[in-house]
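Residues per chain, in single letters:
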Amino acid sequence: MNFQRADDTSANLALEIKGVSKAYGRFPALKDVSLQARDKEFLALLGPSGSGKTTLLRVLAGLETPDAGEVRFGGEDFLSLPVRHRKVGMVFQHYALFRHMTVAQNIAFGLTVRKRSEKPSKSEIADRVHKLLQLVQLEDLGKRYPSQLSGGQRQRVALARALAIEPRMLLLDEPFGALDAQVRRELRRWLRELHDRAGVTTVFVTHDQEEALDLADRVAILKDGQLIQLGSPNEVYEHPATPFVFDFLGQACRMPGVVEGGRLRIADWDSEAPAGAPQGAVEVFFRPDEVTFAPADGAGLSADVKAVAQRGPDVRIDCRIEGQPVELIGHGPTLPPGVSPGLSVRVRPTRPQVYAAG
Amino acid sequence: MNPTIRLPGLAPLFLVLTLTILGVLIVLPLGVVFASALSQGLAAYIEPLTHPDALAAIRLTLTVAAISVPLNAIFGVAAAWAIARFEFKGKSLLVTFIDLPFSMSPVVSGLVWVLLFGAQGWFGPWLQDHNIKIIFATSGLVLATVLVTLPFVARELIPLMQDQGADEEAAALTLGAGGFTTFWRVTLPNIKWALLYGVLLCNARAMGEFGAVSVVSGSVRGLTTTLPLHVEVLYNDYEFVGAFAAASILAGLGLVTLVLKSVLEWRHSGELSASRRH
C-alpha cells in the first residue's frame, strides 16, 4: 500500500529512506521501512515501544548501521557518511549533556571540535553560544553545570547544543519523555515555534499520539518495525489505515458487522456503507465521542444506558451495546434527551471506519 | 542519603566492638611497626634506610610500580571500555577472568611466569639463547605485579561506565567530534576520578605485593629485592630495626593511600562507581 501524499515532489524532498531493515540478532527492529520527509518538515515517528522508531532515528544519526536499504539526505548518500560528518543535531532522550562541562561549554562543544581551518575564533564561539542561550531562554545559566538544571532546562540546553552546529537535520528522541505534563505542554509549543523559526527538517520520536498529532506536519506510524501509515495528523486521525492505527491514535469502540451490496449492517441496524468499505464480515471502529443519539424507536445501535457521569467539560456515558460494555463521550453541558441511566437509546456513529474482519 | 536508623542500646555495643577490633588488629600493629622502627632512636631508624641495599629496594619498588601501574591503567580503561560499550560473545567470561587474580593466591601469579620463562620453563631455553632475562630480573617483577594488580582499575571503571551509558559519547560524535577527541574530551573526564581511585589502589598493591614477586625475584640483595622482600631479608637476618624501618615506609604508603582514597570518596563520590556512592 502506498500512503504517500500525491503532492510529494522530489524537488523539495530532504530525507529519503528506502527499504531500511535492521535486525538485532534474530529480533528484527526495522523491516523494509521507506518514507520521505520534505525540506523543513516536522515529521513525527510514532509507535509503541519496540516499534523500531528509535532505531530508525539512530540510523538517521549514523549511530546504527542498517542491514539493508538506503538513506539519502538532500540527494546525498547518508549511509556512507560517518556520524561526525552528517551534521545532524540530535537531542537524546535523557539529553546526554556532558556532565563535566558547563552549559556554555556544552553548547560550544560542536564548534570547538572542528578542524582548525573551520573552527570559529574564541570570540565568535562565545558570541554564538550567547545567541543560542538567548534563543533557548537560558541567558543567565551559561556557567551552571547540567546537574544544577531542571529537566526542562536541560532539554533546552541539549537543543541549543544540537543547533550550535547549524545542523542540516534535527533529530529528537522522545524530547518530552522525561518531563512532567505541565512543562511538556509548554515546551511543545515552544519547540514548534523554534522549528518554524530555524527552518530545519526535524524528525522526532514519540510514543505519545497526542504529542505527535499536535506538533508534527506529518506523522509516520510504526509497529513491529514496519511503517503502517504516513500522513498529516488529520489524514491519519480521520482515515486510519488499519485497526491498529485507529486504536493507537485515540479511544476506540469496536463492533462486528457485515457489508453487503453497499449496506453496512451492525446487529439490527442497517445503514449505508462508507465509500470504499470492504465486502463481507467487517470490524467497525468509531470514536466514543463521534456519535449521535436517537430515541429507542429510531435508527441506530440499541444501547442500554447504565451510568452517566460529568467529567470536566465532557459527559461519560456507560452503556451496553449488543451485550458489550461501551463507554461513550458526550460533549457540552446538556445531555441528549433520553440519555439517563436505565433507559434505552439508539446510538449512531457519525464516522465509522470499516475494516475487513480477521 | 539514607536516614540514620537508631536501634536503642545496640549502637554503643557495636561501636565498642568495632573500635576494639580496629584497635587490636590495625592501630596496635601499626603502632608496633613505628615504635620498633624508632626504638633505638632516629639515627638508628634513618641509618638502615640509607643503606645501598635499602635504597636499591626503594628504587626497584618505584620502578616496578612506575611500569606496572600505567600498564594496568591502560588495560583497565581498554577492558572497561570494551565491556561497558560493546556486546560480544564471551563478555561475561572476560569479566570473570579479570577478577581471577583477586581469587587466586598471588604465589600462583608469580609461579606462572617461572613456568613460562624460567630456566626450565617453556620459553626458558629460547630466552637463554637470546640472552633475555625475565625471571630474577626487573621484567619478571613487573609481570608478576601486573598480573596481581590486573583487576583494580578495570573493576573500578566497569560499573561506572555501564552506569553512565554511551549517550554522551554518541552525542559528541553527532556534534562532529572524532573518536580520539571524544575519548579525550568526554570519556576520560567522565571517568577521571574513578580512574584515579583505581590507580591509587593499584599502586598501593603494586608497591606492597609480596607473594607473587617473591617467586620471580630470587631475592638478590640490591638487585631484585623490592621493599617488601627487603623487609623479609632483613627480618630473617635478625636486623629488626632495619626491617621495621623499611616496613614503616610501606605502612606510611598505606596511610597516605588511605587518606587520598578517603578524600576521593568524600569529594567525588558521585563520579566513582555507582556501588561506592553514599
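Residues numbered from 1 in each chain as written. Chains lettered and ligands numbered in written order. Predicted model: local features only at pLDDT ≥ 70, side-chain atom pairs only at ≥ 80, totals over all residues. Heavy atoms only, no water.

### As for the nonpolar core
All names here are of chain A. Here is the rule: In these notes, a set of buried Ala, Val, Leu, Ile, Met, Phe, Trp, Tyr and Cys residues joined through side-chain atoms within 4.5 Å is what counts as a nonpolar core. Relative accessibility decides the category of a residue: with a 1.4 Å probe and only protein chains considered, values under 20% of the type maximum give buried, values over 50% give exposed, and everything between is partly exposed. The secondary structure listing takes helices from DSSP runs of H or I that are at least 4 residues long and strands from runs of E that are at least 2 residues long, numbered from the N terminus. In this analysis, two residues are considered to be in contact whenever any of their non-hydrogen atoms come within 4.5 Å of each other.
In terms of nonpolar packing, the biggest core is built from 45 residues, with Ile107, Leu159, Leu191 and Val219 touching the most fellow members. For this core, the leading source of residues is helix H5 (residues 151–164), giving seven residues. Residues within four places of Val219 in sequence aside, it is in contact with Ala44, Leu46, Ala212, Leu213, Gln229, Leu230, Gly231, Pro233 and Val236. Core analysis: the second largest hydrophobic core is formed by 43 residues, Val33, Ala37, Leu56 and Phe98 among them.

### Observations concerning the packing of aromatic side chains
Under the convention used in this document: Stacked, tilted and edge-to-face are the three classes applied to pairs of Phe, Tyr and Trp rings, where Trp contributes its six-membered ring and a pair requires centres within 6.5 Å; stacked means planes under 30 degrees apart, edge-to-face means over 60, and tilted covers the rest. In this analysis the charged atom, NZ for Lys or CZ for Arg, is taken to sit over a ring once it is within 6 Å of the ring centre and within 35 degrees of the ring normal.
Applying the stated criterion across every chain, the model contains 14 aromatic pairs over all chains. Ring centres 6.2 Å apart and planes at 70° place the aromatic pair Phe180(B) and Trp184(B) in the edge-to-face group. Here Phe180(B) and its partner Trp184(B) are both found in helix H10 (residues 179–208), four residues apart, which amounts to about one turn of the helix. An aromatic cluster is defined as three or more aromatic residues linked by ring pairs; in this entry it consists of Trp81(B), Phe180(B), Phe183(B) and Trp184(B). Here Arg161(A) stacks its cationic end above the ring of Phe98(A), 4.5 Å away from the centre of that ring.

### Structural notes on the packing of helix H9 (residues 167–174) of chain B against H10(B)
Helix packing geometry: the angle between the two helix axes and the distance between the axes. Residue and element names in this part refer to chain B. Note the cut-off: In this analysis, axes come from line fits to C-alpha atoms, helices being fitted only over the stretch in contact, and the angle between any two N-to-C directions falls in the range 0 to 180 degrees. Relative orientations are named as follows: roughly parallel for angles under 35 degrees, roughly antiparallel for angles over 145 degrees, roughly perpendicular for angles from 65 to 115 degrees, and oblique for any other angle. Left-handed describes a crossing whose near helix is turned anticlockwise from the far helix through less than a right angle; right-handed describes the clockwise counterpart. Three residue categories are used. Nonpolar comprises Ala, Val, Leu, Ile, Met, Phe, Trp, Tyr, Cys and Pro, charged comprises Asp, Glu, Lys and Arg, and polar comprises the others, including Gly.
It is at 10 Å that the axes of H9 and H10 come closest, and there the two elements cross at 160°. By the angle between their axes, H9 is roughly antiparallel relative to H10. The crossing of H9 and H10 is right-handed. Contact residues: H9 offers Glu168, Glu169, Ala172 and Leu173, while H10 offers Thr182, Val186, Thr187 and Asn190. The residue inventory of the contact of H9 with H10, partitioned by class, reads three nonpolar, three polar and two charged.

### Let's talk about the sheet that holds strand S13 (residues 269–272) of chain A
All names here are of chain A. The line we're drawing: DSSP bridges decide pairing: two strands pair if at least two such bridges lie between them.
Pairing in this open sheet of five strands is antiparallel, and the strands run S13-S12-S11-S14-S20 from one edge to the other. Edge strands, defined here as strands with exactly one partner in the open sheet, are S13 and strand S20 (353–356). Here the average twist between neighbouring strands, direction ignored, is 35°. Of the pairings in the sheet, the one linking strand S11 (residues 253–260) to strand S14 (residues 280–286) comprises seven bridges and is antiparallel in character. Opposite Cys253, over in S14, you have Phe286 as the bridge partner.

### Here's the deal with the sheet that holds strand S8 (residues 201–206) of chain A
All names here are of chain A. Taking strand neighbours across the sheet as the criterion, the six strands line up as S6-S7-S8-S3-S9-S10 in an open arrangement whose pairing is mixed. Looking at the sheet topology across the chains shown, the edges are occupied by strand S6 (88–91) and strand S10 (226–231). Put simply, the sheet's adjacent strands are angled 15° from each other on average, direction ignored. Two elements, strand S3 (residues 42–46) and S8, share five bridges in a ladder whose sense is parallel. Of the residues in S8, the one forming a bridge with Leu45 is Val205. Each of S3, S6, strand S7 (169–173), S8 and strand S9 (218–223) touches helix H1 (residues 53–61); the most contacted strand, S7, lies at about 150° to it. Where H5 meets the sheet, it contacts S6 and S7, and its direction lies at approximately 170° from that of S6.

### Re the pattern of salt bridges
Pairing between side chains of opposite charge can happen when the charged atoms of each approach one another. Residues and elements named next belong to chain A. The test is simple: Within this document, salt bridges are pairs made up of a side-chain nitrogen of Lys or Arg and a carboxyl oxygen of Asp or Glu, the two lying within 4 Å of each other.
Under the criterion given, the structure shown has 31 salt bridges over all chains. Ionic pairing is found between Glu41 and Arg38, a salt bridge with its closest N-O pair at 3.4 Å. Residue Arg38 is classed as buried on the basis of its relative accessible area, which comes to 14%. Taking the shortest distance from any N to any O, the salt bridge between Glu70 and Arg72 comes out at 3.0 Å. Using a relative accessible area of 32% as the deciding quantity, one classes Glu70 as partly exposed.

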